[in-house]
Amino acid sequence: MRSQGDTPNQSQASLQQARRAPPVGRALRILLGLALMIYVTPVYFRVPVRVAVGSLLLMLGLISIYSLIHLVVSRRIVAFGPSLGAVVALGSLVALYTAGASGLPFVGGGKGQLAAVTFLGVSLVVAGVRAAPGCEVMAIPALLFGKHTELVCVIFSPLDSLERKLRSKHGV
């Protein structure tokens with residue numbers, strides 16, 4: 001990855017840059033996250049207090065789950081590939097959203113859906129602001145632990161890769 005004219009510091013800086021989400025990917029993450037948060041915020045004022053509080057508690061649970069996934073992946077306790085880890089990470093969010101439509105205790109009655117959408121919106125904004133590439137649902141644990149988790153994102157990883165490729169062709 002290092003060219004002949006690069007010093008070790010230049011090569012390390014270019015490697016760090018490659019690990020960051022490129023500008024268009026960052027902007028898309030932030031815009032989508034803000035759109036989700038703008039969409040979901042009025043819901044908190046229309047639902048009963050128990051649903052709003054339940055959703056916020058579920059968000060704390062999501063942060064705990066994703067922190068656990070972060071620790072497992074970053075310490076290589078279980079051999080998750082980046083793609084399998086992303087499926088597990090996104091699967092948790094999809095499962096909570098789906099369970100939110102049910103009448104199950106704790107997650108049902110819309111609590112799970114509200115928590116999942118709010119968590120995703122906040123995670124997207126955090127990922128965009130921090131230029132975190134890959135799986136956006138891991139952005140909050142990465143912020144808490146100070147280390148990025150190398151998991152791919154179904155939508156943003158291919159876009160980031162394309163943007164990097166286009167930027168390298170144009171020398172930007």
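The structure presented is a predicted model; accordingly, all values stated were derived computationally and were not measured.

Basis of the calculations
- Residues numbered from 1 in each chain as written.
- Predicted model: local features only at pLDDT ≥ 70, side-chain atom pairs only at ≥ 80, totals over all residues.
- Heavy atoms only, no water.
- Helix = DSSP H or I, 4+ residues; strand = E, 2+ residues; numbered from the N terminus.
- Contact = heavy atoms within 4.5 Å.
- Phe/Tyr/Trp six-rings, centres within 6.5 Å; stacked < 30°, edge-to-face > 60°.
- Buried < 20%, exposed > 50% of the residue type's maximum accessible area, 1.4 Å probe, protein only.

Asker: Sorry if this is basic, but what is going on with the side chain of S55 here?
Answerer: Its location among the elements puts S55 in helix α3 (residues 49-74). In this view, S55 contacts Y44, G110, K111, L114 and A115; residues no more than four positions away in its chain are not counted.

Asker: Explanation requested: the packing of aromatic side chains in the structure shown.
Answerer: Scanning all chains against the criterion turns up one aromatic pair. Where Y66 meets F119, the ring centres are 5.3 Å apart and the plane angle is 15 degrees; that geometry is what we call stacked. In this pair, Y66 is assigned in helix α3 and F119 in helix α5 (residues 111-130), connecting sequence segments 53 residues apart. Considered together, Y66 and F119 belong to a single accessibility category, that of buried residues.

Asker: Explain unusual backbone geometry here, please?
Answerer: Excluding glycine, most residues fall at negative phi; most peptide bonds, likewise, are trans. Non-glycine residue F106 carries a positive phi angle of around 75 degrees. With respect to the element layout, F106 can be found in the loop between α4 (82-100) and α5. By relative accessible area, F106 is classed as exposed at 68%. Its identity is not glycine, yet A131 carries a phi of approximately 60 degrees, on the positive side.

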